[in-house]
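Each chain is listed here by its residues.
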Amino acid sequence: MPQGEAGNHIVEMLEIQGGRVLEGAVQVSGSKNGALPILFASILAEAPVTIRNVPGLSDIHHTLEILSELGLSVDTQSEFFGGDMTITIRAGEGIETTAPYEMVRQMRASICCLGPLLARKGRARVSLPGGCAIGDRPVDLHLKGLRALGAEIRIEHGYIEARADRLVGARMYLSGAFGPTVLGTQNVMMAAARAEGETIIEGAACEPEVICLARFLQALGVSVEGAGTHQIRIVGQPELGGTDFTVPPDRIEAGTYILTGAMAGGTVTVEGCDPGDLSSLFDVLERLQVPHEVGSDSVTVTGVPRLHPIDIATLPHPGFPTDFQAQLMALLTRIPGISILTEKVYPDRFMHVAELNRLGARIRKEGPTAIIEGGHRLSGADVMASDLRASASLVMAGLVAEGTTRVHRIYHLDRGYVRMEKKLRNLGAEIARKSEQSAS
Ligand code: EPZ
């Protein structure tokens, strides 16, 4: 798949003819944000690990490239970008300990190699990730947690230089001004997995992806208690075994298709998801008065003309996820009246506002709050993807806009959604992936 950022590359876009009513079922893929930390955690294990239901996404592909560059052996038993994969990883003794800028720059989650490299090799040199479309992405809490375990860390020439002859379990508080850190909690959990004694992380993130990593570490032989709460207790082990682990379904992909069904359905059933991860989304659907039925591993939603505007803020789990904010905003443009959407996790995460307005939406930003005057007709236009969830919101709007919408630079979308155009076509959407010369 042609990749590319700005420059003279061939890039891809999605071309959508709006107005088709979606009907049918869509299957959820494995969780991107569940799989990423687990792939990095494989650095910790002396024995081979097999990881199943890994989604065929560019972020996953990039992570496997990083692991290979670090000297791990990576065996994917299926074609890439085709869907969900089974991967076997062997982390022998010849592991490198540097993750260079070129690798980390493209994917912030690469910072998650820091904890495992420190735990396994006693040192790590990882580029600072830098900012991205949703705001600057500090890692101060990651470093605070690793220092609490005894790591010596300094920042030089844009790199995190970390050393730890031994890691010793400690008690720490890991939340910041915007609440807990998901990747920071996971980074520290992975370092603590081979630290001497017990580590207690207070103010830990509660996201389902943290629980997923805890289950993986338990499968490697680590004692982990309290994952899913704000206090996680870990007792490190000097050596870790291998395991065969299956990644759970992607809750953000599931919620994206549920909101898409509410916006462009007909009746859409999202299959192979875990509704237990979606309580705050169901609360929003109830407040919007979107008809929906929740099964054991599926959710059926029906698009109806008369919905109610709402006032809502994104919050750390179990609050309404920031990763649904752009998708909900797209839906709110359809609802007559004034809706208020406040972003309390990433206050700058509004690159999609200007693009939705190009499609005819009327959204005004007041600091971390978007004011949406909904109910206005949307008309197709050329729009630019920016971050992966903003890209999804533009596709959603294109599905209901009159005429043709082209969403450019969809390599952003391919980071988090397996073959979105194929899944939407199966629901009756008129959407196609096309190549183009990049504009700049
Ligand atoms: C994870 O990012 C997810 N990424 C993000 O999903 C998600 O939006 C985010 O959690 C919040 O739920 C992955 O899991 C790969 P944070 P993460 O550290 O861990 C501040 C997607 O769409 N902060 O929980 O990097 C930070 O600026 C992606 O799949 C510090 O101040 O996010 C933010 O305001 C986008 N210091 C807040 O905490 C730190 O050291 C939450 O960030 C770390 C974070």
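Being a predicted model, the structure only gives us computed values, none of them experimental.

Rules behind the numbers
- Numbering of residues begins from 1 in every chain and follows the order in which that chain's sequence is written.
- Under the rules for a predicted model, residues below a pLDDT of 70 receive no local features and side-chain atom pairs below 80 are neither given nor counted, while totals for whole chains, interfaces and linings still include all residues.
- Excluded from the side-chain calculations are hydrogens and water; all other atoms, namely the structure's heavy atoms, are used.
- Where helices and strands are cited, they refer to DSSP runs of H or I of at least four residues and of E of at least two residues respectively, numbered from the N terminus.
- Note on method: radius of gyration uses C-alpha positions; expected globular size equals 2.2 Å times residues raised to 0.38.
- Two residues form a contact once any of their heavy atoms are found within 4.5 Å.
- A 1.4 Å probe and the Shrake-Rupley method give the accessible areas. Residues count as covered only by the protein chains that appear here.
- We score Asp and Glu as negative and Lys and Arg as positive, and we do not count His or the chain ends.
- Here the site of a charge means NZ on Lys, CZ on Arg, CG on Asp, or CD on Glu.
- Only rings of Phe, Tyr and Trp enter the pairing, Trp through its six-membered ring, and a pair is recorded when the two centres are within 6.5 Å. The plane angle decides the type: under 30 degrees is stacked, over 60 is edge-to-face, the rest tilted.
- A simple rule labels every residue: compare its accessible area, found with a 1.4 Å probe on the protein chains alone, to the largest value its type can have, and call it buried under 20%, exposed over 50%, or partly exposed in between.
- Think of each axis as a best-fit line through the C-alpha atoms, taken over the contacting stretch in the case of a helix, with angles from 0 to 180 degrees between the N-to-C directions.
- Note on angle classes: values under 35 degrees are labelled roughly parallel, values over 145 roughly antiparallel, values of 65 to 115 roughly perpendicular, and the remainder oblique.
- Each residue is assigned to one class: nonpolar for Ala, Val, Leu, Ile, Met, Phe, Trp, Tyr, Cys and Pro, charged for Asp, Glu, Lys and Arg, and polar for all the others, Gly among them.
- Any residue with at least one heavy atom within 4 Å of a molecule or strand is counted as near it.
- In protein, a polar contact requires one atom able to donate a hydrogen and another able to accept it; more generally it is a pair of N or O atoms within 3.5 Å, and residues adjacent in sequence count only if both atoms are side-chain atoms.
- Those domain boundaries reflect an automatic or database domain assignment.
- One speaks of a salt bridge when a side-chain nitrogen belonging to Lys or Arg is within 4 Å of a carboxyl oxygen belonging to Asp or Glu.
- In this description, a nonpolar core means a group of buried Ala, Val, Leu, Ile, Met, Phe, Trp, Tyr and Cys residues linked to one another through side-chain atoms lying within 4.5 Å.
- The rule for pairing is simple: two strands pair if DSSP sees at least two bridges between them.

(A) Fine view of the overall build of the protein. For the protein, the count of helices and strands is 13 helices and 26 strands. In terms of C-alpha radius of gyration, the protein reaches 21 Å, essentially the compact-globule figure of 22 Å for 440 residues. By its C-alpha atoms, the protein is 60 × 40 × 40 Å across when sized along the principal axes. Within the protein, residue pairs in contact and separated by at least 24 positions form 73% of the contacts whose partners lie at least 6 positions apart. Summed over its atoms, the accessible surface of the protein is roughly 16,300 Å², and 48% of this surface lies on carbon and sulfur atoms. With 41 positive and 51 negative side-chain charges, the protein shows a spacing of 3 Å between the two charge centroids.

(B) Inspection of the packing of aromatic side chains at higher detail. All told, the structure shown has two aromatic pairs when counted by the stated rule. Taking 5.3 Å as the distance between ring centres and 85° as the angle between the ring planes, the aromatic pair formed by Phe216 and Phe245 counts as edge-to-face. In this pair, Phe216 sits in helix α7 (residues 208-219) while Phe245 sits in strand β16 (residues 243-246), placing the two residues 29 residues apart along the sequence. Ring centres 6.0 Å apart and planes at 50° place the aromatic pair Phe320 and Phe324 in the tilted group. Classification of Phe324 as buried rests on a relative accessible area of 1%.

(C) Structural context of the packing of helix α4 (residues 114-121) against helix α6 (residues 182-192). Where α4 meets α6, the closest approach of the two axes is 7 Å, and the angle between their N-to-C directions is 10°. When the axis of α4 is compared with that of α6, the two are roughly parallel. On α6, the residues touching Leu114, Gly115, Pro116 and Ala119 of α4 are Asn187, Met190 and Ala191. In the contact of α4 with α6, the residues fall into five nonpolar, two polar and no charged.

(D) Layout of the site of the ligand. Taken together, the neighbourhood of the ligand is formed by 24 residues, with Arg108, Thr181, Leu183, Asp323 and Val345 sitting nearest. The contact in question runs from an oxygen atom of the ligand to an N or O atom on the side chain of Asn33, over 3.0 Å. Contact between the ligand and Asp323: an oxygen atom at 2.6 Å from a side-chain N or O atom of the residue. Elements with a minimum of two residues in the shell around the ligand: α1 (32-41), α5 (140-148), α6 and α12 (388-400). Counting residues per element, the shell around the ligand draws most heavily on α5, which supplies three residues. Counted by class, the shell around the ligand contains 12 nonpolar, four polar and eight charged residues. Here the shell around the ligand spans two domains, and each of domain 1 (5-29 + 249-438) and domain 2 (32-246) adds at least three residues to it.

(E) Focus on the domain arrangement of the protein. By domain assignment, the protein separates into domain 1 (5-29 + 249-438) and domain 2 (32-246). The C-alpha centroid of domain 2 is placed 30 Å from the C-alpha centroid of domain 1. Listed as interface residues are 26 residues of domain 1 and, on the opposing side, 25 residues of domain 2. Taken together, the connections running from domain 1 to domain 2 amount to two salt bridges. Between Arg251 and Glu209 there is a salt bridge, with the nearest N and O atoms lying 2.7 Å from each other.

(F) Focus on the nonpolar core. Among the nonpolar cores identified, the biggest contains 77 residues, and Ile51, Ile60, Leu114, Met189, Ile201 and Leu217 are the most heavily contacted of them. Sequence-distant contacts of Leu114, defined by excluding residues within four places in its chain, comprise Ala124, Val126, Leu143, Leu146, Ile160, Ala162 and Asn187. Counting residues in each nonpolar core, the second largest holds 66 residues, with Val26, Tyr257, Val284 and Met396 among its members.

(G) The sheet that holds strand β22 (residues 363-366), seen in detail. With respect to topology, four strands assemble into an open sheet ordered β20-β21-β23-β22, the strand pairing being mixed. At either margin of the open sheet sits one strand with a lone partner, and together these are β20 (311-314) and β22. Within this sheet the neighbouring strands show an average axis-to-axis angle of 20°, counted without direction. In terms of strand pairing, strand β21 (residues 337-343) meets strand β23 (residues 369-374) through six bridges, oriented antiparallel. Bridge pairing links Ile340 to Ile371 in β23. Most of the contacts of helix α10 (residues 325-332) go to β21, to which it runs at about 175°, and overall it touches β20, β21, β22 and β23.

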